[in-house]
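Secondary and tertiary structure notes
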Amino acid sequence: MDVTGRTKIFGIFGFPVEHTLSPSMHNAAFKALSLDMCYLPFKVQPADLPRAIEAIRALNISGVNITVPHKEKVIPFLDETDREASLIGAVNTVVNREGKLSGYNTDGRGFVKSLEEAKITTEGKKVLLVGAGGAARAIAFSLAMRGVTEIAFFDIDKEKARELSNAVQKTGIHCSVVNEIMSLSGFHIVINATPLGLKADDPLPFSPQLILPDTVVCDLIYKKTALLHKAEGMGAKTIDGSGMLLWQGVLAFELWTGIKPPVDVMRKALLSGI
């Protein structure tokens, strides 16, 4: 890739950022489309976030992704956020339009796209979300705006689950808080939005014996976790987090460039790094 004075720069702000798979995914798409663009990772410590956002304008960076721990904290430094990002209270994509910085959240829509790709519909479905952090928040609001009839939340921090349930319920979707996962009966889709499964010795987020054959079990972790292996053994359909990562990137690419990227190229680059 030749970088010149005309090359448009994109990137990702996070801390840490060494593990990110986004540069390979986006740079592969730029190359496939012969676009004079380059995507770089930027390690931004929390105290430096205000200056980093101002640098987008100062350095004429065309757009950035925002990852942990900055997704919520970035909002006050932007000129505007779209409705979905405002509802979620977090931004993962920033577009620089001649110095005006606009914030979006493509995480939840990326998750929904991963379901659609797997031929799973959300219309009329009941969902159990395990975890109430930033990713769960994005997914919950996106599902609420796309036809689910009910979302139940479980988190070891009961107050956090209750706060998210109350926030999402304002969209008109019926929400509830589960104090303990004793049964998965009645839930069409179960989503693990906790870090449990990243390490081989992590406990499972809930007992796999509760999984029914007609349940769709999703894990936001990019690999096939122990939970997904167990769920498959119970006859359930499973989805890992690589699809969400891919599609949130595809949607960010479209926001930055106005061009539909080569999804298969991005997928290949992403999977080669997992």
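Presented here is an overview of the structure given in this document. Source: prediction; values computed, not measured.

A word on helix H6 (residues 158–169). Relative to the 16 Å expected for twelve residues at 1.5 Å per residue, H6 spans 16 Å between its end C-alpha atoms, a close match to the ideal helical length. All buried positions along H6 are accounted for by Ala161, Leu164, Ser165, Ala167 and Val168. One face of H6 carries all of its buried residues, which in axial projection span an arc of 165°. Check the buried side of H6 and you find it contacts helix H5 (134–144), strand S8 (150–154) and strand S9 (174–177).

Where nonpolar side chains cluster on the molecular surface, the patch consists of Tyr222, Leu271 and Ile274 and spans about 270 Å² of accessible area. Its location among the elements puts Leu271 in helix H9 (residues 263–273). Judged by relative accessible area, Leu271 falls into the partly exposed class, the value being 45%.

This brings us to the pairing of strand S2 (residues 37–43). Sheet topology note: the strand S1 (residues 8–14)/S2 ladder contains seven bridges and is parallel. Bridged to Ile9 within S2 is Cys38. With helix H1 (residues 22–32) bridging S1 and the parallel S2, this β-α-β connection has right-handed handedness.

This next bit is on the packing of helix H8 (residues 242–257) against H9. At a minimum axis distance of 10 Å, the contact between H8 and H9 shows a crossing angle of 135°. Relative to H9, the element H8 is oriented oblique. Seen from above, H8 lies across H9 with right-handed handedness. Only Val263, Met266, Arg267, Leu270 and Leu271 of H9 make contact with H8, whose side of the interface consists of Ser242, Leu245, Leu246, Trp247, Gly249 and Val250. Residues belonging to the contact of H8 with H9 are distributed by class as follows: eight nonpolar, two polar and one charged.

The rules behind these values
- Residues numbered from 1 in each chain as written.
- Predicted model: local features only at pLDDT ≥ 70, side-chain atom pairs only at ≥ 80, totals over all residues.
- Heavy atoms only, no water.
- Helix = DSSP H or I, 4+ residues; strand = E, 2+ residues; numbered from the N terminus.
- Expected span 1.5 Å × (residues − 1).
- Buried < 20%, exposed > 50% of the residue type's maximum accessible area, 1.4 Å probe, protein only.
- Arc of directions from axis to C-beta.
- Contact = heavy atoms within 4.5 Å.
- Patch = residues over 30% accessible without salt bridge, like charges linked within 9 Å, V, L, I, M, F, W, Y side chains within 5 Å.
- Areas by Shrake-Rupley, 256 points an atom, 1.4 Å probe, with all protein chains shown as cover.
- Salt bridge = Lys/Arg side-chain N within 4 Å of Asp/Glu carboxyl O.
- Pairing = 2+ DSSP bridges.
- Right-handed = clockwise from strand over helix to strand, strands pointing away.
- Axes fitted to C-alpha atoms, helices over the stretch in contact; angles between N-to-C directions.
- Parallel < 35°, antiparallel > 145°, perpendicular 65-115°, else oblique.
- Left-handed = near helix turned anticlockwise from the far one by under 90°.
- Nonpolar A, V, L, I, M, F, W, Y, C, P; charged D, E, K, R; others polar.

Everything listed here is a matter of coordinates, which is why it stays silent on function.
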